[in-house]
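Next come the chains, spelled out residue by residue.
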Amino acid sequence: MTSPPTSTFGSEQPHLVSLVLKSKKALQHGELLCSRARTRSVESAQAAVDVLALDAKVRWMTDAVLEQLKLAASVAKSLEQKRMQLESQAKEWDATRTQRVSTLDSVLESLGSQVVPPDFHSTSPDSSLFGSQHDSDNEDETRRAPLDPPASQSPTDTLRDVMRNGTKRICQPRNNDRSIWKTLRDFADERAIEDVLDAMESDRNTLDDILARISEYPELLQGTITNIRNSLPTDITLPPMDSIFTSQEAVSTDMANHLSGLTSHYDQMAQALHDSEAGEEFGEDDIQAMNRDTEELPAIVDDLEKNMESIEASHAQLLAANQIAQQQLDSHRSIMNDLDELGDIMSEMLEREQAVENECAEQLSLLHNALVTIEDLYHRYTSFHYSYCKLVIELGRRRRYREAANKVIQGMMAELEAMTEEENQRRVQFNAEHGEHLPEDVCLSIQNTPTRWEILPWNHEPVETLPDIDDDLLQQVGMF
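Residues numbered from 1 in each chain as written. Predicted model: local features only at pLDDT ≥ 70, side-chain atom pairs only at ≥ 80, totals over all residues. Heavy atoms only, no water.

A. Looking closely at the overall build of the chain. If you tally the helices and strands in the chain, you get 8 helices and 2 strands. Starting at the N terminus and walking to the C terminus, you meet the elements of the chain as α-β-α-β-α-α-α-α-α-α. Across the 480 residues that make up the chain, the buried fraction comes to 31%. At a minimum sequence separation of 6, the contacts of the chain that also span at least 24 residues come to 91%. For the chain, the exposed area adds up to about 30600 Å²; of that, 52% sits on carbon and sulfur atoms. (Helix = DSSP H or I, 4+ residues; strand = E, 2+ residues; numbered from the N terminus. Buried < 20%, exposed > 50% of the residue type's maximum accessible area, 1.4 Å probe, protein only. Contact = heavy atoms within 4.5 Å. Areas by Shrake-Rupley, 256 points an atom, 1.4 Å probe, with all protein chains shown as cover.)

B. Seen up close, the UniProt feature "coiled-coil region" (unreviewed entry) in the chain. In this structure's numbering, the residues bearing the UniProt feature "coiled-coil region" (unreviewed entry) are residues 69-96 and 402-433. Overall, residues 69-96 shows 100% helix and 0% strand. The separation of its end C-alpha atoms is 40 Å. Overall, residues 402-433 shows 100% helix and 0% strand. The separation of its end C-alpha atoms is 46 Å. (UniProt positions renumbered as here; feature names shortened; annotations may be inferred.)

C. Here's a closer look at the side chain of Glu353. Following the sequence through the fold, Glu353 ends up in helix H7 (residues 297-434). A residue is classified by how much of its surface remains accessible, and Glu353, at 1% relative accessible area, is buried. Excluding residues that lie within four positions of it along the chain, Glu353 makes contacts with Leu79, Lys82 and Ile214.

D. Quick look at the nonpolar core. Ranked by internal contacts, the top residues of the largest apolar core, which has 45 residues, are Met200, Leu221, Leu342 and Tyr381. Looking at this core, the elements with two or more residues in it are helix H1 (6-112), helix H3 (190-212), helix H4 (217-231) and H7. Judged by nonpolar contacts, the second largest core, of 15 residues, contains Leu33, Val251, Leu297 and Leu304. (Core = buried A, V, L, I, M, F, W, Y, C linked by side-chain atoms within 4.5 Å.)

E. Region of the structure containing the pattern of salt bridges. Applying the stated criterion across every chain, the model contains 17 salt bridges. Its salt-bridge partner being Glu394, residue Arg397 comes within 2.6 Å of it at the nearest N-O pair. Note that Arg397 and Glu394 are positioned in helix H7 at a spacing of 3 residues, about one turn of the helix. We classify Glu394 as partly exposed; its relative accessible area is 25%. The residue Arg427 makes a salt bridge to Glu423 at a minimum N-O spacing of 2.8 Å. Placement of the pair is Arg427 and Glu423 together in helix H7, with a separation of 4 residues, close to one helical turn. Because the salt bridges share partners, they merge into one network encompassing Asp94, Arg97, Glu201, Arg204 and Asp208. (Salt bridge = Lys/Arg side-chain N within 4 Å of Asp/Glu carboxyl O.)

F. Looking closely at the packing of aromatic side chains. Applying the stated criterion across every chain yields a total of 0 aromatic pairs. The ring of Phe187 carries the charged tip of Lys182 above its face, separated from the ring centre by 5.5 Å. (Phe/Tyr/Trp six-rings, centres within 6.5 Å; stacked < 30°, edge-to-face > 60°. Lys NZ or Arg CZ within 6 Å of the ring centre and 35° of its normal.)

G. Broad picture of the side chain of Arg97. Here Arg97 lies in helix H1. A distance of 2.7 Å separates a polar atom in the side chain of Arg97 from a polar atom in the side chain of Glu201. (Polar contact = N/O pair within 3.5 Å; in protein donor to acceptor, adjacent residues only side chain to side chain.)

H. The packing of H4 against H7, seen in detail. One way to put it is that H4 packs onto H7 with a least axis distance of 11 Å and a crossing angle of 170°. By the angle class used here, H4 and H7 are roughly antiparallel. Across from Tyr217, Leu221, Thr224, Ile225, Ile228 and Ser231 in H4, the residues of H7 making contact are Ser331, Ile335, Asp338, Leu339, Leu342, Met346, Met349 and Arg352. Residue classes in the contact of H4 with H7 are distributed as 9 nonpolar, 3 polar and 2 charged. (Axes fitted to C-alpha atoms, helices over the stretch in contact; angles between N-to-C directions. Parallel < 35°, antiparallel > 145°, perpendicular 65-115°, else oblique. Nonpolar A, V, L, I, M, F, W, Y, C, P; charged D, E, K, R; others polar.)

I. Layout of the environment of His379. Structurally, His379 is set in helix H7. Each C-alpha atom of the pair His379 and Leu104 lies 8.7 Å from the other, and the pair is 275 residues apart in sequence.

J. Looking closely at a negative patch on the surface. Taken together, Asp105, Glu109, Glu194, Asp195 and Asp198 make up a surface patch of like negative charges. When residues of the negative patch are traced back to their parent elements, those giving at least two are H1 and H3. Per-element tally for the negative patch: the top contributor is H3, with 3 residues. Relative to the helices and strands, Glu109 resides in helix H1. (Patch = residues over 30% accessible without salt bridge, like charges linked within 9 Å, V, L, I, M, F, W, Y side chains within 5 Å. Lys, Arg positive; Asp, Glu negative; His and termini not counted. Charge placed at Lys NZ, Arg CZ, Asp CG, Glu CD.)

K. Spotlight on a nonpolar patch on the surface. Taken together, the side chains of Phe430, Leu438 and Ile446 present a nonpolar region at the surface, about 220 Å² in accessible area. Within the secondary structure, Leu438 is located in the loop between H7 and helix H8 (471-476).

L. Looking closely at the environment of Leu329. Structurally, Leu329 is set in helix H7. For Leu329, a relative accessible area of 4% translates into the label buried. With 267 residues separating them along the chain, Leu329 and Thr62 place their C-alpha atoms 9.6 Å apart. Not counting the four nearest positions on each side in its chain, Leu329 is found in contact with Leu54, Lys57, Val58 and Met61.

M. Broad picture of the confidence of the model for the chain. Of all residues in the chain, 78% have pLDDT values of 70 or greater, and the mean over the chain is 77. Mean pLDDT across the elements of the chain bottoms out in helix H2 (residues 155-165) (45) and peaks in H3 (93). Note that pLDDT drops below 50 for residues 1-11; the model gives that stretch 19 contacts with residues more than four away or on any other chain. Counting contacts from residues 162-172, a segment whose pLDDT is below 50, to residues more than four positions away or on other chains yields 17 contacts. (pLDDT = per-residue confidence, 0-100.)

Written out as structure tokens, the structure is:
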């Protein structure tokens, strides 16, 4: 480099100072930008670590919440199964009740189709084994004619009554209009049956009330589980870490190169000013080169600023991701509180479900006992109907016996009448032949007419007095 003429030194000196100041200013600005870029790069690295840590926590908490929700769903399913099991037991009882009540109704209907003659029953409702459902104040006071002799009357007394009065029976007139006859159902205590059925229906409604306490538990629990699951934050879309740090590294290298160029340019300009102050002169080409290099400084600073903006943008991206992750973490804390509360609610639900299950077991036991009562009523009225039919058959058999006995008695009566008539003729003949030859004070009863009762060996009443004739006396008079 050749020294410029003395005449031009004075004009070059201010120009160099200006170039040095511009170079220094560009260098300082570049250093500031690089320092900020380095700080942002370090903060970006820390932000990336924080984002990854928060994302890991969020994912871990999400997995933990999902596991807890699975357990809650299993509890809801268990509650649903137990409720369905209890409802199934209730439906089985309903089916059994329908079947047994139907069979009882069929028995009562069969009783209603079986008429009962008026003389078969008493007019007093208290006299029935099962009670009467109708008021008998306005009924005809008809009583059953005695079909059998009283227990205190002997068979011989009965035969004597028949022989004295004949076979004709005196009975109360019977109303043959069967449409107004009672039926076997009139003897059933239907009011008591209705009371049993009403009590059973009331107990069944009580069972429904007990089941209603937990009927909504599975649905409510499942709805809460769904709401918590839906409130879980979605997976964080992490920024492209590799591309961010690769870009920052490239930008940092570019900024370092620019800073190195600014530093070199400033050193050159400072050395040129120092040389100029020492009396060295610069040629026109040197001045133009220094001007051209200085004019490029704004472009270099612009590149540094753009690089800084790139680093700031990636840092802001990381900060935004960090903020989203922190919000999700805060949301998880709220969800964990909901889970804790849900756990308490499920514990209470399970306790209530167990209490309801115990109450249902007791109530079902009562209901099954009521079914036993219905079954007993069924057997009771079935036996009643069966025994009544057997009673009718027995009465028919006794009627046939009575008719056969009457035929025997009628035959005996006809034979007795014939024997009495023959005896009377023989007595008349005897008295005609021998009566006038016998004194009147000998055997006063010889003039008596015969009766039917003389020949009955079981006759204990002395109809007429006859002297006892020993067999040897009969032998003595046998010659006559």
